[in-house]
Amino acid sequence: MAELTYRAAVARGIAQEMERDPSVVLIGEDVAAAGGVFKTTSGLLEQFGPVRVRDTPISEEAIVGGIMGAAMNGLRPIGELMFSDFLATCWDIVVNQIAKTRYMTNGQVSLPLVIRTANGGGTRFGGQHSQSAENWAMAIPGLKVVAPSTPRDVVGLLAASVRDPDPVIFFEHKNLFATKEDVPDGEIVDRLGEAAFRTMGDDVTIVALAAMVPVAIEAAGLLAAQGVSAEVIDLRSLVPLDTAAFLGSVAKTGRLVTVEENPRLCGWGAEIASIAAEECIWDLDGPIVRVTTPHIPLPAAAELEDLAIPDAQQVVRAVLAMA
Amino acid sequence: MAEPATVDIDPSTRLALYRSMVRARYFEQRAYDLFMEGIVKGTTHLGLGQEAVAAGFAEAMNPTDMTFCTYRGHNHTLLRGAPMTPLMGELAGRDVGICGGKGGSMHLTDVSKGAMGSYAIVGAHLPIAAGAAWAAQVRQSGQVSVCFFGDGATNIGAFHEAVNFAAVWKLPVVFVCENNLYMEYTPISAVIPVPHPAADRAASYGLESIIIDGNDADVVYDMATRTIERARSGGGPALVEALTYRHKGHSRADPGKYRPDEEVAAWMARDPIVLYRERLTAAGFDPTLLDEIEQAGLAEIDATTMEIRNAPPPPPETMMTQLWADGGSQWRN
């Protein structure tokens, strides 16, 4: 057991898989010599050498197209996009090529690849380096979508993503890089599509993802002080989606709140709400409430960005307003 | 323009080139006829007139080499060895289709033959072909990627990203621009500031400027052999511009009326199959042998047509298969 930051957990997770499987390789802008602009790939070049850890030009289509071609020809590549906002520059290859090729070839092509990317706000970077892009990926058939909230889960879910035979977009949250926890020694491998219960409770189910998980946990603490018992569910992956976790929880609590960092329209919380409305509406004691960032690009100024991204107080207010 | 073939091409290879072009020609003509009959649906982008490029490169490739082509990819997929009935079945949306009817004309693929896919977003497959070549480099597998694209693709960002990436990593990939003079309806000359869309950009990536007569099967085969073997031996990528011409419009919706009559006539007079037959005959090949190749090609496409006419559509349950590697399409529990 050793204390590990979320940032260092990324390198540990990649190293764990590269040691196990020689077909795992890593490419991206500044991932090798510089160890990543967020220092998430520090030491990997030294450990695994320049054939398996390689810097690319600033060419996102070459990076994601390159890992697609490599996955078609016997490698299990990991490609890094420095910021998830840059998915927009190579979205054709992600959506039209990577996501669809297995289906369009009726299973002739397998694409065991991972696109890792730094996602989310809270870092005062402004609108082109702060987006939460997980909803974009969730909307496309053929992509798996993973977003860990803790250092331990970074290792376990990254391992699961690398071993998965299908393409995975792995969203690392920039505002969580400095967080730390004790992580067990040895190999950690999780399964995609299994949510985690971060707190147990009887009065309300709060569903969250990535950086909104600690927000929801903080809110649960504040609610407990007011006599409200909240069950916080960390989805961990949007595709596959652990619907059983929140449907079962709502059957017990009768109330459902989703906490999303993404802008309001078509956020993943809307899908959760839709599933709950279709499948467990008679378990609900009141309306489903979504807490989201407003439908705006994220502003750069600290006061404005903090106002935009949901915080614990906002979640507490949403829950108390339901009663 | 490169000189005529500089190496001796053995007679069996030349017959194979002729056979390939004939088979591709029959396939495309029949695809057109079956479209007009309502059996082939959607759209088709025929490679009629461009057979020499596909034949020359396919003949020069090893079985484990990889072809990446565009929505104008029937010729390339067929000539890597994909069986004809599953290809035509895919155009017609039949169960026997090589992609089970899920791909269609623009996505013909036969991975078992190294035909790694037909890509329908202009330029998107160049980085993918480079990536497959990168895997060959890492795995030291000795494979080469060959990536075909049209003149219009040279104005897409992915072209430049991929060629730069391949050049700087010295990847074993040969990029082949089939310059048929029109991107879709607009002449390529109207949208580029240089005479040659691929060859004039090669210097930007430290590559040799290569222009060949894409209607001369010997010339194509010769250049294909040289560039593929150089890539295989670690010499890095090549960018080949093959001048050619499509006999029909861009796609089924396009009669090609924007092309001057005299231009069309001049290129029709340079039909790669007619030219090659004349050359082989002049070189002493027995005309009856060439006739037999044509008769066999016609018999093959007739048999394929018969099978397609009687083939059932894909069963409904296949709609939900093969999104994921487990064979299914589940996204939740």
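About the thresholds
- Residues numbered from 1 in each chain as written.
- Chains lettered and ligands numbered in written order.
- Predicted model: local features only at pLDDT ≥ 70, side-chain atom pairs only at ≥ 80, totals over all residues.
- Heavy atoms only, no water.
- Helix = DSSP H or I, 4+ residues; strand = E, 2+ residues; numbered from the N terminus.
- Rg over C-alpha atoms; globule rule 2.2 N^0.38 Å.
- Buried < 20%, exposed > 50% of the residue type's maximum accessible area, 1.4 Å probe, protein only.
- Areas by Shrake-Rupley, 256 points an atom, 1.4 Å probe, with all protein chains shown as cover.
- Lys, Arg positive; Asp, Glu negative; His and termini not counted.
- Charge placed at Lys NZ, Arg CZ, Asp CG, Glu CD.
- Salt bridge = Lys/Arg side-chain N within 4 Å of Asp/Glu carboxyl O.
- Pairing = 2+ DSSP bridges.
- Axes fitted to C-alpha atoms, helices over the stretch in contact; angles between N-to-C directions.
- Contact = heavy atoms within 4.5 Å.
- Parallel < 35°, antiparallel > 145°, perpendicular 65-115°, else oblique.
- Nonpolar A, V, L, I, M, F, W, Y, C, P; charged D, E, K, R; others polar.
- Left-handed = near helix turned anticlockwise from the far one by under 90°.
- Domains from an automatic or database assignment.
- Buried area = accessible area lost by both parts, 1.4 Å probe.
- Polar contact = N/O pair within 3.5 Å; in protein donor to acceptor, adjacent residues only side chain to side chain.

**Student:** Would you mind showing me how to read the overall build of chain A here?
**Tutor:** The helix and strand tally for chain A stands at twelve helices and 14 strands. The C-alpha atoms of chain A give 19 Å as radius of gyration, which agrees with the globular expectation for 323 residues (20 Å, within 12%). For chain A, the spread of C-alpha atoms along the principal axes amounts to about 60 × 45 × 40 Å. Residues counted as buried form 63% of the 323 residues belonging to chain A. Total accessible area computed for chain A in this model is approximately 11100 Å², and 56% of it derives from carbon and sulfur atoms. Side-chain charges in chain A split into 24 positive and 41 negative, and the spacing between the mean points of these groups amounts to 3 Å.

**Student:** Would you explain the pattern of salt bridges in this entry?
**Tutor:** In total, this model carries 35 salt bridges over all chains according to the counting rule given. Where B:Arg309 meets B:Glu37, a salt bridge forms, and the shortest distance between an N and an O atom there is 2.4 Å. With B:Arg309 in helix H10 (residues 287-309) and B:Glu37 in the loop between helix H1 (11-36) and helix H2 (51-60), the pair connects residues that are 272 residues apart, well separated along the chain. For B:Arg309, a relative accessible area of 39% corresponds to the partly exposed category. Residue classification places B:Glu37 among the partly exposed residues on the basis of a relative accessible area of 45%. Taken together, the salt bridges that share partners define one network made up of A:Arg152, A:Asp153, A:Asp190, A:Arg198, A:Asp234 and A:Arg236.

**Student:** Is there a simple way to think about the pairing of strand S1 (residues 66-70) of chain B in this case?
**Tutor:** Residue and element names in this part refer to chain B. The buried fraction of S1 amounts to five of the five residues, a majority that puts the element mostly inside the structure. With three bridges joining them, S1 and strand S3 (residues 145-150) adopt parallel strand pairing. Pairing of phenylalanine 68 across the sheet is with cysteine 147, part of S3. Bridge analysis of S1 against strand S2 (residues 115-119) gives three bridges, and the strand direction is parallel. Bridge assignment links cysteine 69 to a residue of S2, and that residue is serine 118.

**Student:** How do you make sense of the sheet that holds strand S2 (residues 24-28) of chain A when you look at a structure like this?
**Tutor:** All names here are of chain A. The sheet built from seven strands is open, its strands ordered S3-S2-S4-S5-S7-S6-S12 with mixed pairing. Each edge of the sheet is formed by a strand with only one pairing partner; in this case those strands are strand S3 (53-55) and strand S12 (237-239). Each neighbouring strand pair of the sheet contributes to a mean axis angle of 20°, computed without reference to strand direction. Pairing analysis gives five bridges linking strand S4 (residues 76-83) to strand S5 (residues 114-119), with the strands arranged parallel. Bridge pairing links glycine 79 to isoleucine 115 in S5. Of the strands in this sheet, S2, S4 and S5 touch helix H3 (residues 60-72), which is tilted by about 165° from S4.

**Student:** It is not clear to me how the packing of H3(A) against helix H6 (residues 157-168) of chain B should be interpreted in this structure. Could you clarify?
**Tutor:** Any two packed helices are characterised by how steeply their axes cross, that is the angle between the axes, and by the distance between the axes. Two elements in contact, H3(A) and H6(B), have axes separated by 8 Å at closest approach and are oriented at 70°. Considering the angle they form, H3(A) stands roughly perpendicular to H6(B). When H3(A) is examined against H6(B), the residues A:Glu60, A:Glu61, A:Ala62 and A:Gly66 are found in contact with a partner set consisting of B:Gly157, B:Ala158, B:Glu161 and B:Phe165. By residue class, the composition of the contact of H3(A) with H6(B) is three nonpolar, two polar and three charged.

**Student:** Sorry if this is basic, but what is going on with the packing of helix H8 (residues 212-225) of chain A against helix H12 (residues 312-322) of chain A here?
**Tutor:** All names here are of chain A. Contact pair H8 / H12: the axes reach a minimum separation of 8 Å and the direction vectors enclose 55°. Taken together, H8 and H12 sit at an angle that is classed as oblique. Where H8 crosses over H12, the handedness of that crossing is right-handed. Residues Val215, Glu218, Ala219, Leu222 and Leu223 of H8 form the contact with H12, whose own contacting residues are Ala312, Gln313, Val315, Val316, Val319 and Leu320. Tallied by class, the residues present in the contact of H8 with H12 amount to nine nonpolar, one polar and one charged.

**Student:** How do you make sense of the domain arrangement of chain A when you look at a structure like this?
**Tutor:** Frequently, the measure chosen for interface size is the accessible area removed from exposure when the parts meet. All names here are of chain A. When cut into domains, chain A gives domain 1 (2-183) and domain 2 (196-322). One C-alpha centre belongs to domain 1, the other to domain 2, and the line joining them spans 26 Å. Contacts between the two partners involve 25 residues from domain 1, matched on the other side by 24 residues from domain 2. Of the roughly 2000 Å² buried between domain 1 and domain 2 on both sides combined, carbon and sulfur atoms contribute 56%. Together, Arg124, Asn135 and Met138 form the three largest contributors to the area buried by domain 1 at its contact with domain 2, with a combined 30%. For the pair domain 1 and domain 2, the number of links is four salt bridges. Ionic pairing is found between glutamate 305 and arginine 124, a salt bridge with its closest N-O pair at 2.9 Å. Taken together, domain 1 and domain 2 are joined by 16 residue pairs in polar contact (both at pLDDT 80 or more).

**Student:** What is the right way to read H2(B) from this model?
**Tutor:** Note on helix geometry: an α-helix contains 3.6 residues per turn, so any two residues three or four positions apart are oriented the same way. In terms of residue burial, H2(B) counts as a mostly covered element, since nine of its ten residues are buried. Turning to H2(B), its buried residues number three or more, namely B:Glu51, B:Ala52, B:Val53, B:Ala54, B:Ala55, B:Gly56, B:Phe57, B:Ala58 and B:Ala60.

**Student:** Would you mind going over unusual backbone geometry with me for this structure?
**Tutor:** Peptide bonds are trans in most cases, and residues, glycine excluded, mostly fall at negative phi. All names here are of chain A. Here the amide bond leading from valine 239 into proline 240 is cis, since omega sits at -5°, within 30 degrees of zero. Residue position: proline 240 is located in the loop between S12 and helix H9 (243-253). With a phi close to 55°, alanine 210 is a non-glycine residue in the positive phi region. On the secondary structure map, alanine 210 appears in the loop between strand S10 (204-208) and H8. Notably, arginine 236 is not glycine yet its phi reads approximately 70°, a positive angle. With respect to the secondary-structure elements, arginine 236 resides in the loop between strand S11 (230-234) and S12. The class for arginine 236 is buried, based on a relative accessible area of 7%.

**Student:** I keep staring at the side chain of A:Thr293 and nothing clicks. Help me out?
**Tutor:** Residue and element names in this part refer to chain A. Among the secondary structure elements, threonine 293 is positioned in strand S14 (residues 289-293). A polar atom in the side chain of threonine 293 sits 2.6 Å from the backbone oxygen of glutamate 261. With near-sequence residues (within four places) excluded, threonine 293 lies in contact with Glu260, Glu261, Asn262, Pro263, Arg264, Leu298, Ala308, Ile309 and Pro310.

**Student:** When you look at the sheet that holds S14(A) in this model, what are you seeing that I'm missing?
**Tutor:** Within a beta sheet, neighbouring strands are joined by backbone hydrogen bonds and run either parallel or antiparallel to one another. Residue and element names in this part refer to chain A. Pairing in this open sheet of five strands is mixed, and the strands run S9-S11-S10-S13-S14 from one edge to the other. Each of the sheet's edge strands pairs with one partner strand only, and the pair in question is strand S9 (196-199) and S14. Shown here is a sheet whose adjacent strand axes are inclined to one another by a mean of 25°, direction ignored. Where S10 meets S11, five bridges bridge the pair, whose relative direction is parallel. Paired with valine 207 across the strands is isoleucine 233, a residue of S11. Packed on one face of the sheet, H12 meets S10, strand S13 (256-263) and S14 and runs near 160° to S14.

**Student:** How should I be thinking about the interface of chain A and chain B in this particular structure?
**Tutor:** Contacts between the two partners involve 52 residues from chain A, matched on the other side by 41 residues from chain B. For the chain A and chain B pair, buried surface summed over both sides reaches about 3800 Å², with 62% attributable to carbon and sulfur atoms. Summed over the shared surface of chain A and chain B, the number is one salt bridge. For A:Glu279, the salt bridge identified is with B:Arg332, shortest N-O distance 2.6 Å. Across the contact surface, chain A and chain B share 25 residue pairs in polar contact (both at pLDDT 80 or more). Elements that contribute at least two residues to the side of chain A that touches chain B include exactly S2, S3, H3, helix H4 (91-98), helix H5 (101-104), H9 and helix H10 (268-279) of chain A.

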